[in-house]
Amino acid sequence: MVKSENNYDAIGILGGTFDPVHFGHLRSALEVCLQLNLDHVRLLPCAEPPHRQATMASAEVRRLMLELAVKSVPQLIVDDRELQRDGPSFTVDTLLSLRQEFKDNPLFLILGTDAFRGLATWSRWQQILSLAHIVVVQRPDETLDLQEELQNWYQQNLAQTTDRYLAAGKIWPLTVTSLAISATQIRQDLLAANPVNFLLPESVIAVIEQLGLYRSNASDN
Ligand code: ATP
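Residues numbered from 1 in each chain as written. Predicted model: local features only at pLDDT ≥ 70, side-chain atom pairs only at ≥ 80, totals over all residues. Heavy atoms only, no water.

As recorded by an unreviewed UniProt entry, the protein chain carries the name Probable nicotinate-nucleotide adenylyltransferase and is attributed to Methylophaga muralis. UniProt's Pathway (unreviewed entry) comment on the protein chain is quoted here verbatim: "Cofactor biosynthesis; NAD(+) biosynthesis; deamido-NAD(+) from nicotinate D-ribonucleotide: step 1/1." Its UniProt record gives the protein chain a comment under Function (unreviewed entry), which states: "Catalyzes the reversible adenylation of nicotinate mononucleotide (NaMN) to nicotinic acid adenine dinucleotide (NaAD)." (UniProt positions renumbered as here; feature names shortened; annotations may be inferred.)

Undergrad: Teacher, can you tell me more about the side chain of glutamate 31 here?
TA: Structurally, the position occupied by glutamate 31 is in helix 1 (residues 23–35). Here glutamate 31 falls in the buried class, since its relative accessible area comes to 10%. At 2.7 Å, the side chain of glutamate 31 and the side chain of arginine 27 are in polar contact. Apart from residues no more than four positions distant in its own chain, glutamate 31 is found in contact with Val176 and Thr177. (Helix = DSSP H or I, 4+ residues; strand = E, 2+ residues; numbered from the N terminus. Buried < 20%, exposed > 50% of the residue type's maximum accessible area, 1.4 Å probe, protein only. Polar contact = N/O pair within 3.5 Å; in protein donor to acceptor, adjacent residues only side chain to side chain. Contact = heavy atoms within 4.5 Å.)

Undergrad: Explain the environment of histidine 133 here, please?
TA: Mapped onto the secondary structure, histidine 133 falls in strand 5 (residues 133–138). Taking relative accessible area as the criterion, histidine 133 reaches 0% and is therefore assigned buried. Sequence separation between histidine 133 and leucine 107 is 26 residues, and the spatial gap between their C-alpha atoms is 6.0 Å. Apart from residues no more than four positions distant in its own chain, histidine 133 is found in contact with Leu107, Phe108, Leu109, Asp163, Leu166, Ala167, Ala168, Gly169, Lys170 and Trp172. A distance of 3.2 Å separates polar atoms of two side chains, one belonging to histidine 133 and the other to tryptophan 172.

Listed below in structure tokens is the structure:
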């Protein structure tokens, strides 16, 4: 476990729509946890994504699917704080809320390269590093290709090994096993009544079947 100088556990944070959660999310969260020696990774389903269209499954059902998915994996924890808040969930507000609870713990916000590339469009994005580290998760075959402003910011804030005990402030590129799974593809397969086995946990597939989720293009919200 990574402890800060004050001996606090290091915590990973992975936000997403998880509509539905799949092995791409779960495996990369676990690998980040192991590579950075984090105490655990918190998976945060968002209520209303600011950058995209409404989710298909309701917040409650997305949370339930996440809870079932991580049931036997102690390193992964579901954190539903964004569902308790009204309105869109800006990452910086979520980090402020986490900081209130975990005052001195090293916090590691986990972003895929796609999300990181769009970071400069996020609300108060430059404040993020004052609240947490950023882990940029790359698949082995991916390049970062950042726009100039973000590329400079990335270079300026790249982490050194000795930064691992800081509570926030650095960017950590990591490579994880490539699982080219997407929730969009899973929803399309379900709409076409194709099997989705081995893309997501069986416990999640059971909920999808029981509730008849993603069988039409209409949102279940
Ligand atoms: P959608 O297809 O609906 O856009 P998604 O599968 O990309 O969904 P999100 O809930 O938007 O899932 O993703 C949450 C986070 O998980 C994002 O940071 C995203 O980059 C990351 N992620 C998504 N799919 C994978 C994957 N296959 N491997 C690793 N990380 C992933």
